[in-house]
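Per-entry structural report
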Amino acid sequence: MKKKQTGIKVLIVGVVLICLVLGYFYYLSNRKPKQDSNDSVKISAVQEVLFRNLDNNYPPTPREVVKYFCEIAQCLYRDSYTEEEFLELAMQARRLYDDELLANNAEQQYIESLRWDINQFKEEEIVISSYAPASSTDVEYFTQDGYSWAQMRCTFTLRKGTQLASSEEIFLLRKDADGHWKIYGWTVDEEN
């Protein structure tokens, strides 16, 4: 009889241990992971654009250069930012410009002109709501005067209240001595 009671006790202890192991496994598989305090930090679109280090991570293609330029423009013409962030965005955009464009557009003149243009957009309550650079296959490459050139289109969607309009721009880029594509200039496509 004692053997029978001992066997029942062992069986009960075994079942309890199995239940504890299964319960702990269920707890581990269904608990929510702890979030680091770093995970909860949110950065703005402006900060995200400014975090890009062009010395180590310059856009490799004309399309990527124009896309990054559009990200900067969208931040300037749509988002809120501090005066310091405005200057950083302006300088980041200038780092995408060809030397000839920089030479013809002094830094202070560029900042004043950019500030005036942004203020005009804000007064008219116009924002750049989106942009669409041409696909990589639509970039036109050519060589002229010993330089490699690329030309491409980008469509900006502008919003004023609930009204939408689009502006198609043609970008001209030139490859510099370091092999980086730089924006030589752009113009609005009057036909579209």
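A brief structural summary. (Residues numbered from 1 in each chain as written. Predicted model: local features only at pLDDT ≥ 70, side-chain atom pairs only at ≥ 80, totals over all residues. Heavy atoms only, no water.)

**Here's the deal with the nonpolar core**
- Membership of the largest hydrophobic core comes to 37 residues, with the highest contact counts inside it found for Leu 96, Phe 171 and Leu 173.
- Secondary structure elements with two or more residues in this core: α2 (45-50), α3 (62-78), α4 (83-94), α6 (107-123), β3 (147-160), β4 (163-175) and β5 (181-188).
- Top element by residues in this core is α3. It accounts for ten residues.
- Apart from the residues lying within four places of it in its own chain, the contact partners of Leu 173 are Pro 62, Val 65, Val 66, Ser 148, Trp 149, Ala 150, Met 152, Trp 181, Lys 182, Ile 183 and Tyr 184. (Core = buried A, V, L, I, M, F, W, Y, C linked by side-chain atoms within 4.5 Å. Buried < 20%, exposed > 50% of the residue type's maximum accessible area, 1.4 Å probe, protein only. Helix = DSSP H or I, 4+ residues; strand = E, 2+ residues; numbered from the N terminus. Contact = heavy atoms within 4.5 Å.)

**Topic: the pairing of β4**
- As defined by bridge partners, β3 adjoins β4 across twelve bridges and the pair is classed as antiparallel. If you follow Arg 153 over to β4, its bridge partner there is Ile 170.
- Linking β3 to β4, which pair antiparallel, is a turn of two residues; within it Gly 161 sits at a positive phi near 65°.
- With seven bridges connecting them, β4 and β5 associate as antiparallel partners. (Pairing = 2+ DSSP bridges.)

**Considering the pattern of salt bridges**
- A full pass over the atoms with the stated rule returns eight salt bridges.
- Linking Glu 64 and Arg 63 is a salt bridge whose minimum nitrogen-to-oxygen distance equals 3.9 Å.
- Across the salt bridge formed by Arg 153 and Asp 189, the nearest N and O atoms sit 2.3 Å from each other. Here the residue Arg 153 occupies a position in strand β3, and Asp 189 occupies one in the segment after β5, the gap between them amounting to 36 residues. (Salt bridge = Lys/Arg side-chain N within 4 Å of Asp/Glu carboxyl O.)

**Let's talk about α6**
- Under the 1.5 Å per step criterion, the end-to-end length of α6 is 24 Å for 17 residues, consistent within 8% with the ideal 24 Å.
- As for α6, its buried residues are in contact with α3 and α4.
- Just past α6, the residue Glu 125 takes up positive phi, approximately 55°. (Expected span 1.5 Å × (residues − 1).)

**Here we look at the side chain of Asp 79**
- Looking at the secondary structure, you find Asp 79 in the loop between α3 and α4.
- By relative accessible area, which is 16% here, Asp 79 ends up buried.
- A polar side-chain atom of Asp 79 sits 3.1 Å from a polar atom in the side chain of Arg 78. (Polar contact = N/O pair within 3.5 Å; in protein donor to acceptor, adjacent residues only side chain to side chain.)

**Section: the environment of Glu 48**
- Considering the arrangement of structural elements, one finds Glu 48 in helix α2.
- A relative accessible area of 54% places Glu 48 in the exposed class.

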